[in-house]
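# Per-entry structural report
Here is how the chains run, residue by residue.
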Amino acid sequence: MATARSTPGRDAYHGAMAVTAQPKLDVQRVRADFPYLEELVNGKPVAFLDSAASTQKPRQVLDAMRDFYEHSYANVHRGVYRLAERATEGYEGAREKVRGFVNAPAAREIVFTRSATEALNLVAYAWGLDNLGPGDVVVITELEHHSNFVPWQFVANRTGASFKHIPIDDHGELQLDALDEIAASGNVKVVANNLVSNSLGTINPVEKLSAWAHEQGAIMVVDAAQAAPHREIDVQALGCDFLAISSHKLCGPSGVGAIWGRAELLEQMSPFNLGGEMIRSVALDRTSWNELPYKFEAGTPAIAEAYGFGVAIDYLSEIGLAAIEAHEHELTAYALGRLSELDWITLFGPPAERRAGIVSFDVAGIHPHDVAQILDWDGIAVRAGHHCTQPLMARLGVAATTRASFYLYSIAEEVDRLVDGLHKVKKNLG
Ligand SMILES: Cc1ncc(COP(=O)(O)O)c(C=O)c1O
């Protein structure tokens, strides 16, 4: 069981790597919550270094979901019988937990989606198609995950808006001096940026970009899929207009995510999916929409998954996001130090103090898939590929990288095993 720890005040940790005194994460105790970490691969303990793709799930979430399915499951909102009321309470309770997790002003501004990808598509379609046109500019960055890139590229093409990117420097950090040229190229209407890059771990200056976006009269859309699991999120302090998160990246089940949006924008937008639940009334000649957030939640939602998402939020909040962030920061600094001992490896991304727990690298002359395969012999799970960031890979001049990513259950011994494994890769294939 994770122990109850006080969650430190938001202000102390907002916007910077946590360095203040705080309860240290009891990582061995945390590890005991995750059944998979007890398994052996080829007789060796698993070293799961792929949490940026999806995290392992603690017993607390798994048990709560099983209990929910056994004793609280029915379709939500429509039933008047007790079980349906209990299911609705579980589902709406989760919405309130998501609201608190991102410090949104109101629960009706939280829309459950299938994933962060669907959350970002919702904004691109439901806001973008009605608000963009020729002469307008959609701004993304060279660091975006395809989920926050492709929908905007598509909607820009559909509407005749132009599609510009903020370039990165050689450390994988945004070159904000490009903003003036972008502003001069048309009416900037959308800035869409991730808070943490899933490929390089770069922590992006979203507050600054939000301020710039608003100066241009644009909306700011934040992809926080990779940030929310690791640091406190405060939509009001970030100053953004929309923010997407995903349950499966933060110890919750897959199949559910959320978009937070400012009520006044969500109110003006057309629905994204149409069907049951999202209507107020339907007649042969006309349909009117339900109130927020239901206008955007057509059909039966992922009920137990949303509930599990809420339990995962409780789990992380009890441990404390600041303690998780500090733990990952320490581990990332250690990993960067150890990996830089290997002179046949190129490390990508910013220094430890400006990145989250993600380390991407290239092993000279060896394809990342071969690297990952050999590491797997020793039970070390890393990801090899373009990580859904092909424009970034093009900028780095590689087709793919090997990526190790850390979470609250990751330990320094796993970093040591990664380094030993890489020596083995070099010996076998170098
Ligand atoms: C930065 C970022 N954005 C978006 C996504 C997509 O999230 P989801 O899997 O919930 O669609 C990911 C997943 O890897 C991600 O890392």
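Throughout what follows, the structure given in this document is the object of discussion. (Residues numbered from 1 in each chain as written. Predicted model: local features only at pLDDT ≥ 70, side-chain atom pairs only at ≥ 80, totals over all residues. Heavy atoms only, no water.)

## Some points on the pattern of salt bridges
This structure, assessed with the given rule, holds 23 salt bridges. The partner of Glu277 in a salt bridge is Arg78, and the shortest N-O contact between them spans 3.3 Å. With Glu277 in the loop between α10 (263-268) and β11 (279-282) and Arg78 in the loop between α3 (59-71) and α4 (82-102), this pair connects stretches of sequence that are 199 residues apart. We note a salt bridge from Glu325 to Arg231, for which the minimum N-O separation is 3.4 Å. Taken together, the residues Glu325 in helix α12 (residues 321-339) and Arg231 in the loop between β8 (219-223) and α9 (235-238) connect sequence positions 94 residues apart. You can call Arg231 buried: its relative accessible area is 8%. One network of salt bridges, with partners in common, ties together Lys44, Asp378 and Lys424. (Salt bridge = Lys/Arg side-chain N within 4 Å of Asp/Glu carboxyl O. Helix = DSSP H or I, 4+ residues; strand = E, 2+ residues; numbered from the N terminus. Buried < 20%, exposed > 50% of the residue type's maximum accessible area, 1.4 Å probe, protein only.)

## A short note on the site of the ligand
Taken together, Ser115, Ala116, Thr117, His145, Ser147, Asn198, Asp223, Ala225, Gln226, Ser246, His248 and Lys249 make up the full set of residues adjacent to the ligand. Between the ligand and Ala116, the relevant distance is 2.9 Å, taken from an oxygen atom to a main-chain nitrogen or oxygen of the residue. In this structure, Asp223 approaches the ligand through a side-chain N or O atom, which is 2.5 Å from a nitrogen atom. Compared with its free state, where it exposes 390 Å², the ligand has 89% of that area covered by protein. (Near = heavy atom within 4 Å. Polar contact = N/O pair within 3.5 Å; in protein donor to acceptor, adjacent residues only side chain to side chain. Areas by Shrake-Rupley, 256 points an atom, 1.4 Å probe, with all protein chains shown as cover.)

## Overview of the side chain of Glu109
Structurally, the position occupied by Glu109 is in the loop between α4 and β4 (110-113). It turns out Glu109 is buried and unbridged, and the closest side chain with the opposite charge, Arg108, is 6.1 Å from it. Each residue touching Glu109, except ones within four places of it in the same chain, is listed here: Ala104, Ile259, Trp260, Gly261, Arg262, Ala263 and Leu266. (Lys, Arg positive; Asp, Glu negative; His and termini not counted. Contact = heavy atoms within 4.5 Å.)

## What to know about the environment of Leu422
By the element assignment, Leu422 lies in helix α15 (residues 412-429). Given the relative accessible area of 0%, Leu422 is considered buried. A C-alpha to C-alpha distance of 9.4 Å links Leu422 and Ile345, two positions 77 residues apart in sequence. Leaving out residues up to four positions away in the same chain, Leu422 has contacts with Leu339, Leu342, Trp344, Ile345, Phe361, Val363, Val371 and Leu375.

## Topic: helix α13 (residues 368-377)
Note that an α-helix has 3.6 residues per turn; residues three or four places apart therefore point the same way. Three or more residues of α13 are buried, namely Pro368, Val371, Ala372, Ile374 and Leu375. Down the axis of α13, the smallest arc covering the buried residues is 165°, so these residues share one side. After α13 finishes, the residue Gly379 shows a positive phi value of roughly 80°. (Arc of directions from axis to C-beta.)

## Some thoughts on the pairing of strand β7 (residues 187-194)
With six of its eight residues buried, β7 lies for the most part within the structure. Sheet topology places strand β5 (residues 136-141) next to β7; four bridges connect them, and they run parallel. Within β7, the position partnered with Asp136 by the bridge is Asn187. Pairing analysis gives five bridges linking β7 to β8, with the strands arranged parallel. Each residue of the ladder has a partner; that of Ala192, found in β8, is Val221. The β-α-β motif built from β7, the intervening helix α8 (residues 206-215) and the parallel element β8 has right-handed crossover chirality. (Pairing = 2+ DSSP bridges. Right-handed = clockwise from strand over helix to strand, strands pointing away.)

## Side note on the packing of aromatic side chains
Tallied over the entire structure, the rule returns eleven aromatic pairs. Ring centres 5.1 Å apart and planes at 50° place the aromatic pair Tyr91 and Phe112 in the tilted group. Of this pair, Tyr91 sits in helix α4 while Phe112 sits in strand β4, placing them 21 residues apart in sequence. Neither residue differs from the other here; Tyr91 and Phe112 are each classed as buried. Arranged with centres 5.8 Å apart and planes meeting at 45°, the rings of Tyr125 and Phe272 form a pair that is tilted. With Tyr125 in helix α5 (residues 116-131) and Phe272 in the loop between α10 and β11, the pair connects residues that are 147 residues apart, well separated along the chain. Three or more aromatic residues joined by ring pairs form one cluster here, namely Phe34, Tyr315, Tyr407 and Tyr409. (Phe/Tyr/Trp six-rings, centres within 6.5 Å; stacked < 30°, edge-to-face > 60°.)

## What about the nonpolar core?
Counting 82 residues, the largest nonpolar core has Leu243, Ile245 and Leu408 as the members making the most contacts within it. Those residues within four positions of Leu243 in sequence are excluded, and the remaining contacts are Val102, Val222, Ala224, Ile233, Val235, Leu238, Ala258, Ile259 and Trp260. (Core = buried A, V, L, I, M, F, W, Y, C linked by side-chain atoms within 4.5 Å.)

## A short note on the sheet that holds strand β16 (residues 383-385)
Read across the open sheet, the four strands follow the order β13-β14-β17-β16; overall the sheet is antiparallel. Every interior strand has two partners, whereas the edge strands, β13 (345-348) and β16, have only one. Adjacent strand axes in the sheet meet at a mean angle of 30°, parallel and antiparallel pairs treated alike. When β16 meets strand β17 (residues 401-405), the two strands line up antiparallel, connected through three bridges. Pairing of Arg383 across the sheet is with Arg403, part of β17. Most of the contacts of α12 go to strand β14 (residues 358-363), to which it runs at about 15°, and overall it touches β13 and β14. (Axes fitted to C-alpha atoms, helices over the stretch in contact; angles between N-to-C directions.)

In short, shape yes, function no, at least from these values alone.
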